Every structure is written in C-alpha cells, then in structure tokens.
Amino acid sequence: MLTDKFKEECAVMAVYGHQEAANLTYLGLYAMQHRGQESSGIVSSDGTRHAAEIGMGLVSEIFDEQKITALTGHAAIGHNRYSTQGESELRNAQPLSIMYHNGPLALAHNGNLINAKALREQLEKEGSIFRSTMDSEVIIHLIAKSRKTRLLDQVVDALSQVKGAYSIAIMGANEIIAVRDPHGFRPLSIGRLGSGYAFASETCAFDLIEAKFSREVAPGEVVVVNEEGMFSHFPFPPELKRHCIFEYIYFARPDSRIFGASVHMVRKEFGRRLAQEAPVEADCVVPVPDSGIVAALGYSEQSGIPFDKGIIRNHYVGRTFIEPTQSIRHFGVKIKLNPVREVMEGRRVILVDDSIVRGTTSRKLVKMARDAGAREVHMRISSPPTIHSCFYGIDTPARSDLIASTYKVEEIRRFLNADSLAYLSIEGMLFAVKGRENDFCKACFDGDYPVTTPAMEAQLMLLDDEPVAVKRDID
Ligand code: SF4
C-alpha cells in the first residue's frame, strides 16, 4: 500500500560470544522491524562454518523455532531490508553470505554507496561476477580482491574505496567487524551481553535482548570483536560528522538513543519549537499516528492546547492487504487511519505530522478531519519542507514528486485544503540538537550534500534542469 513517507532504510544486528547468538539476533531484528519490512536474514557462525536463513517478508514470517535452532554458533549477524538500491527480491536480501579464499564471509549493510555503480563497472571489467543488484555487494568483491591477509585489513582496504553512507556488520569465520562511515550518516551502537557483544542500528534492540548499551561505534571507527576481546581502529581520514537528521524526525524508534541523544526527547523538542514558531488558536492537538505522536506531545506541552488522539491507526494493515477494486477504492486512507468524530466535531484541530512528501496523504487527512466535523484544520509539520532527494540510504521519491520542491507553502496549504499550514524551520530543527548543529546532514531540506561523486553532481545538475513534472489541482 502506498505510503506518503520517506522510506526507512535497513537494520543491522550482530551478536558475538553468546551461545544463543542467532536467537538474540532474531529478537534484535524483531525490535527493528520498522527499519525494513521487505526481507530479513541471519547468518550464524560456530567458529568455522556459517549457517544462513534469509527470506522475503517480515521477521516473524521468515523465522520459526526450527530455523533459529539450525543457526548454530556463538556469533551471528542479521539484517532487515527496505530496498534503496536493487529490486526487492530474494537475491538482494541480506546478509550477503559467501565463501572466499579466507573462508566464510557475511555482510549486513545499512546505507547507500554513492560510487557503487562506477566500482561495480570496474570490478565487472576485471572479471567479477555479481549475483545481486545491490550496492553492498561491491564491498564483498573488494574484500575478496584485497591482497591483504587479515580480514580487518581486507575490510579497511575495501572501505577505503567506497564513498557514501554505511553502517556495516561483517562476519568472518570467528570474528565480527562493525564499521561506520567517516561521516556517521547511519546509527550503529555497541552493547554488552555478559562477556559477549552486540551491535545494533538502534538501541531499542538492546532493550529487548537485555544487552547493556555501551557506546556508539564512532564515525570512521572499525570495531573488531573476537575471542581476544574488542579492538578499536580508526584507519580512515577523519571527516565532518553528518548524521542523518531524518532519523530523529521519523525513522528511528522513539525509545532508541542515537547520535548521543534520545529520539523521543529530540522529536518532542521539534514539536515544542514548532509551537513557538507557528502558534495558532485551536481546541486540540491531534497527531497523525504513529509518526506525529511525539512531536504533537511537544506542540501540546508548549502551546498549552490539549493533546487528543483524534485519529486512530489500524496497526494490522500489512503488506498482504488486498487493494479494493476501483469501484470501492474511495475509502483510501481510512483503511489505515480513521478519525474519532467525538474529538473532531465542531472543534479547531491542529494536525501534527512529521513530514509531507507528496502531499497526497495529508490532503486526505485534512478531508477526513473535516468530514468528521472539524471546524478548522491547521496542519503543522515537525520538519522543514523536503525539497531534495536523499542519496545516503533513504528511499525518496523523484524530486519532481516532492510537493515542496515545486510549490510554496501557501500553494501546498491550498492543495491540502487546510486552514493554515506551517513547517518547522531549519533553524528550529537545529535548535532541538543544540550544541551539535553542525554534526548533521540535512541535505533533503537544503540540498547541501556532504559527500558527492562526479556522477552524482551530474545527476543533480540534470535534476536542477528538470521540468516541473508535478501536476496538481492546486487551484
Ligand atoms: Fe538523512 Fe535527508 Fe541527509 Fe538523506 S539527505 S541522510 S534523509 S538528512
């Protein structure tokens, strides 16, 4: 079912030094299902051999007790995927698992390599045969081609050649290597499990498996865990930090801590700032569930206007939902979201959402609120207008489909048929991460891409010249 959101990327999970490594990895992936629902996989290691279970669908659909039991060993890595590069099919599911001259090798990647195409073309010219269309497979080939002997050195060799966003777990026969790119675009944390170790994209995974959060893998850090313990390396030239601020806005779970702060607290601060920047007289603050809930709480606390759950989300609408035929399709967004008439009727409602991408869902929500009797509908967005596409591991629609790239706020308001519309400013967004303002990527708002390639620059220039493709009944 079409959702009008930037799409989450992927989740990476790893456990070393625990006899239930695969089971804990499974639970960690379960906690991070929100980061990717297309495919999931676990590869385990008993110190010499790898065992793998990878499939299409949700974590709960792929794994059962029998499959988890077959994943023997004291080490495991896992991955949930939402495809940003490569089609959604089994050959593109991760972890990637191969045998090479050093033995078994598996890799789980969250992010996007912006020079993967050029590297792949070069590798193919030199004889490499790729089995997937994923950018991540480039890293596997570069590791296998390295002339170094230790896995650590091969990984450093390979990653020195790639550009872009990567938080990665790599497993050899008896060690796990976790790496974050030098800009630290995507999160990756380290947890302790007794004498063992865990790595996870988000700390909510640690809470479920009762791992103790230790710290984040630092940008540019290569962490090795093996029988001798944990070792840290910084082999890459340092770069400016560029954490994805959209993780705070929408992607990460509110109960996670990433980039040194609680997602819940930052998201709430976005709401508070929004209330200061764009106040409006109203009777209730209603979040668009689930993404707008925390910011709406912040807006309500700051403004003193009561928070109310005026829209209810059906959590059981899955990927298997059968789209209705054209003749009854008019119920559209109501399959997933439905208003509470008693909250809306006769009232001035502030609808709070985290972002507007195409605007189609927001427009339906405004109509839904009006149909439920709302007297006024004021839309408040807890992020700045999304104007540019992401190249660092988030699936964004074509720039011409981003409503804010073509239309001004007042035009969007008219399209939505809202009484008022306001976005959080870039300054307001950065205020919520005060003291770390310069540590974030915000390219989808301001087009200031922290890392580019000549091919990407050329693509951006083409986009600048692109004719306006969005046709909307704005008037
Ligand atoms: Fe995150 Fe936007 Fe930067 Fe992509 S462009 S990494 S979504 S802040």
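Everything numeric in this text was worked out from a predicted model, so none of it was measured. (Residues numbered from 1 in each chain as written. Predicted model: local features only at pLDDT ≥ 70, side-chain atom pairs only at ≥ 80, totals over all residues. Heavy atoms only, no water.)

Chemist: So what's going on with the side chain of E137? Which residues, and what values?
Modeler: Note on placement: E137 falls in helix 5 (residues 137-145). Buried charged residue E137 carries no salt bridge. Nearest counter-charge: R120, at 4.8 Å. The contact partners of E137, leaving out residues within four places of it in the chain, are L96, I129, F130, R131 and S132. (Helix = DSSP H or I, 4+ residues; strand = E, 2+ residues; numbered from the N terminus. Buried < 20%, exposed > 50% of the residue type's maximum accessible area, 1.4 Å probe, protein only. Lys, Arg positive; Asp, Glu negative; His and termini not counted. Salt bridge = Lys/Arg side-chain N within 4 Å of Asp/Glu carboxyl O. Contact = heavy atoms within 4.5 Å.)

Chemist: Requested: an account of the site of the ligand, with residues and values cited.
Modeler: What surrounds the ligand is the set R186, C244, I245, F246, C390, Y392, I394, C441, K442, A443 and C444. The site holding the ligand turns out to be the largest cavity. (Near = heavy atom within 4 Å. 1 Å grid on protein atoms, 1.4 Å probe; cavity = no way out; pocket = protein on both sides within 12 Å on 5 of 7 lines; lining within 4 Å. Sits in = over half its atoms within 2 Å of the grid points.)

Chemist: Which residues make up the sheet that holds strand 22 (residues 420-423), and what are the values?
Modeler: Ordered in space as 17-20-21-22, the four strands form an open sheet in which the pairing is parallel. The outermost strands of the open sheet, each flanked by one partner alone, are strand 17 (284-287) and strand 22. Across the sheet, the axes of successive neighbouring strands diverge by a mean angle of 20°, strand direction being ignored. Bridge analysis of strand 21 (residues 376-381) against strand 22 gives four bridges, and the strand direction is parallel. (Pairing = 2+ DSSP bridges. Axes fitted to C-alpha atoms, helices over the stretch in contact; angles between N-to-C directions.)

Chemist: Account for the domain arrangement of the protein, with residues named and values stated.
Modeler: A common measure of how large an interface is: the accessible area buried when the components associate. Taken domain by domain, the protein comprises domain 1 (10-239) and domain 2 (264-465). Relative placement of domain 1 and domain 2: their C-alpha centres are 32 Å apart. Taken together, the contacts link 16 residues of domain 1 with 13 residues of domain 2. Taken together, the two surfaces of domain 1 and domain 2 that pack against each other cover about 1,100 Å², and 62% of this comes from carbon and sulfur. Taken together, the links from domain 1 to domain 2 amount to four residue pairs in polar contact (both at pLDDT 80 or more). Here the residues of the side of domain 1 that touches domain 2 sort into five nonpolar, eight polar and three charged. (Domains from an automatic or database assignment. Buried area = accessible area lost by both parts, 1.4 Å probe. Polar contact = N/O pair within 3.5 Å; in protein donor to acceptor, adjacent residues only side chain to side chain. Nonpolar A, V, L, I, M, F, W, Y, C, P; charged D, E, K, R; others polar.)

Chemist: Can you break down the sheet that holds strand 7 (residues 164-171) residue by residue, with the values?
Modeler: The antiparallel open sheet is built from six strands, whose spatial order is 5-6-7-8-12-13. In this open sheet, the two strands that pair with only one neighbour each are strand 5 (96-100) and strand 13 (229-233). Within the sheet, the average angular offset between the axes of one strand and its neighbour, ignoring direction, is 20°. Two strands pair when backbone bridges link them, and strand 5 and strand 6 (residues 103-113) are joined in this way by five bridges, in the antiparallel orientation. Bridged to M99 within strand 6 is P104. Packing against the sheet, helix 6 (residues 151-159) makes contact with strand 5, strand 6, strand 7, strand 8 (176-180), strand 12 (222-226) and strand 13, and its axis sits at approximately 25° to strand 8.

Chemist: I'd love a proper account of the packing of aromatic side chains, names of residues and values included.
Modeler: This structure, assessed with the given rule, holds 11 aromatic pairs. On the basis of an interplanar angle of 85° and a centroid distance of 5.3 Å, the ring pair of F391 and Y449 is categorised as edge-to-face. Here F391 is found in the loop between strand 21 and helix 13 (403-406), whereas its partner Y449 is found in the loop between helix 16 (443-446) and helix 17 (454-465), with 58 residues between them in sequence. Classification of F391 as buried rests on a relative accessible area of 11%. Accessibility expressed as a relative area gives 11% for Y449, which makes it buried. Over the ring of F431 we find R273; its NZ or CZ atom is 3.8 Å from the centre of that ring. (Phe/Tyr/Trp six-rings, centres within 6.5 Å; stacked < 30°, edge-to-face > 60°. Lys NZ or Arg CZ within 6 Å of the ring centre and 35° of its normal.)

Chemist: Before we move on, can you summarise unusual backbone geometry with the specific residues and values?
Modeler: Following Q94, the chain continues to P95 via a peptide bond in cis, the omega torsion being 5°. Inspection of the secondary structure assignment puts P95 in the loop between strand 4 (75-81) and strand 5. Look at E210: it is not a glycine, yet its phi comes out positive at around 55°. Summarising the element assignment, E210 is placed in the loop between helix 7 (204-209) and strand 11 (212-216). Phi is positive for F259, close to 50°, though the residue is something other than glycine. Secondary-structure assignment places F259 in the loop between strand 15 (257-258) and strand 16 (261-262). We classify F259 as buried; its relative accessible area is 4%.

Chemist: Describe the pattern of salt bridges, naming the residues involved and giving the relevant values.
Modeler: Per the counting criterion, the structure on display carries 25 salt bridges. With a shortest N-O distance of 3.0 Å, E247 and R186 are connected by a salt bridge. Here E247, found in helix 8 (residues 246-251), pairs with R186, found in the loop between strand 8 and strand 9 (189-193); they are 61 residues apart in sequence, far enough to count as distant. Residue E247 is classed as buried on the basis of its relative accessible area of 0%. When salt bridges that share partners are traced, they join R35, R186, E202 and E247 into one network.

Chemist: Please set out helix 1 (residues 21-31) residue by residue, giving values where relevant.
Modeler: With eight of 11 residues buried, helix 1 is to be regarded as a mostly interior element. Along helix 1, the residues that are buried comprise A21, A22, L24, T25, Y26, G28, L29 and A31.

Chemist: How would you summarise helix 14 (residues 409-416) if you had to cite specific residues and measurements?
Modeler: When helix 14 is considered as a whole, its buried residues turn out to be I412, F415 and L416. Down the axis of helix 14, the sector holding all buried residues measures 95°, keeping them to one side. Among the structural elements, helix 12 (360-371), strand 21, helix 13 and strand 22 are those in contact with the buried residues of helix 14. With its phi angle positive at about 60°, N417 sits one or two positions after the end of helix 14. (Arc of directions from axis to C-beta.)

Chemist: Please provide a residue-by-residue account of the packing of helix 4 (residues 116-125) against helix 5, values included.
Modeler: One way to put it is that helix 4 packs onto helix 5 with a least axis distance of 10 Å and a crossing angle of 45°. Looking at the two axes, helix 4 sits oblique to helix 5. Our pair here, helix 4 against helix 5, has a crossing hand that is left-handed. Contacts between helix 4 and helix 5 involve A116, L119, R120 and L123 from the former and V138, H141, L142 and K145 from the latter. Partitioning the contact of helix 4 with helix 5 into residue classes produces five nonpolar, one polar and two charged. (Parallel < 35°, antiparallel > 145°, perpendicular 65-115°, else oblique. Left-handed = near helix turned anticlockwise from the far one by under 90°.)

Chemist: Give me empty space enclosed by the protein: which residues, what numbers.
Modeler: Here the structure, examined in full by the defined rule, presents two cavities of 30 Å³ or more. As a volume, the largest cavity reaches approximately 110 Å³. Taken together, 14 residues form the lining of the largest cavity, with C244, C390, I394, C441 and C444 sitting closest to its centre. Put simply, the parts of the chain that give the lining of the largest cavity at least two residues each are helix 8 and helix 16. (Points joined across faces, edges and corners; volume = space filled by probe spheres on them.)

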